[in-house]
Amino acid sequence: MAIKDPLPPHKAQQIGAELRAIREESGKSLEEVARSVGKTGPWLSKVERARITVSQEDVLAMFDHLGVKGRTRDSLESLTTGEPIKQWWRAYDDVLVPGFARYLPLEAAASGVREASSLVFSGLTQTERSASAVIENIWQKPGADHVEALVEIRMRRQRRLVEDPKLNLHTVFGEAALHIDIGGPQAMREQIEYLLQLGELDNITIQVVPFTAGRRGILQSPLFLLDFPDATDHQLAFAEDMSGITQCESAHEVRRAVRAFDHTQQAALSHDETVRFLHKFMKEQL
């Protein structure tokens, strides 16, 4: 990438954390380090928290100012490489809440998503009709224009499931999702058929947690785990609640999220069992 291109978002998070640790160890203030690249303290604070984009050029200049050398320098410079990502979501800035606006660039850079939800199918697996029904009935009650835009975002995200480089998806959902009215039996049949079509793809795993799993299948809130192509990149985790989608900031929180996903996934039927379960549900219930 060109020297002035912004860093990929997941790498910007790692760089920001490393910059902060090195700066604090050196005893230098935000203002002092920021001045080395003609910026301000508040700007560098946002860079360290990955709240704004930063160029490779500025990162390398701050490394110089902080005297980062040797293997540490080599390791950090390796994080500054990567192809720029087409920021298609910027066309929807007016409808994106902050947490989701932060999540989308990271999902776009990810090679894999593992997600678990008890009550609804995930946005990456919803039909357009299901997405519209879910969005129309969230507690914030968005207007018609916002519903249309948010549905478009979900459909646009799903392209990565079939377009190269394909996104690997492992989705775990509760049986309760099959019993929530999203527009009547025909709409649910369409949703399940779409989920089964996705499940035929090599890059997608679907699993249902049946009611018979009991307490083992309880998940307090939807979880999203992001993996990246480079093995040196950190895994990221997000949780969703009434305030929106929130990133797990510490390594401890990420590990807890991974354990929660693994626990839920282990309570679920296997992919093949889930396919049979869904076919049986459509035959008997729809």
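A brief structural summary. (Residues numbered from 1 in each chain as written. Predicted model: local features only at pLDDT ≥ 70, side-chain atom pairs only at ≥ 80, totals over all residues. Heavy atoms only, no water.)

Things to note about the sheet that holds strand S5 (residues 236-241)
In step 1: Read from one edge to the other, the open sheet built from 6 strands follows the order S3-S2-S1-S4-S5-S6, with strand pairing classed as mixed. Bordering the open sheet on either side are strand S3 (204-209) and strand S6 (244-247), each of which pairs with just one other strand. Neighbour to neighbour, the strand axes of the sheet diverge by 15 degrees on average, direction disregarded.
In step 2: Direction of pairing for strand S1 (residues 112-117) relative to strand S2 (residues 168-174): parallel, over a ladder of 6 bridges. Each residue of the ladder has a partner; that of Ser117, found in S2, is Phe173.
In step 3: Along the sheet, helix H6 (residues 98-109) contacts S1, strand S4 (223-227), S5 and S6; its crossing angle with S6, the most-contacted strand, is approximately 60 degrees. (Pairing = 2+ DSSP bridges. Helix = DSSP H or I, 4+ residues; strand = E, 2+ residues; numbered from the N terminus. Axes fitted to C-alpha atoms, helices over the stretch in contact; angles between N-to-C directions. Contact = heavy atoms within 4.5 Å.)

Quick look at the pattern of salt bridges
In step 1: Overall, the coordinates contain 10 salt bridges when judged by the stated rule.
In step 2: Arg90 serves as the salt-bridge partner of Asp93, at 3.0 Å between the closest nitrogen and oxygen.
In step 3: Classification of Asp93 by relative accessible area gives partly exposed; the value is 38%.
In step 4: The salt bridge partner of Glu190 is Arg129, with a shortest N-O separation of 2.8 Å. With a gap of 61 residues between them, Glu190 in helix H9 (residues 185-199) and Arg129 in helix H7 (residues 128-136) connect regions that are remote in the sequence. (Salt bridge = Lys/Arg side-chain N within 4 Å of Asp/Glu carboxyl O. Buried < 20%, exposed > 50% of the residue type's maximum accessible area, 1.4 Å probe, protein only.)

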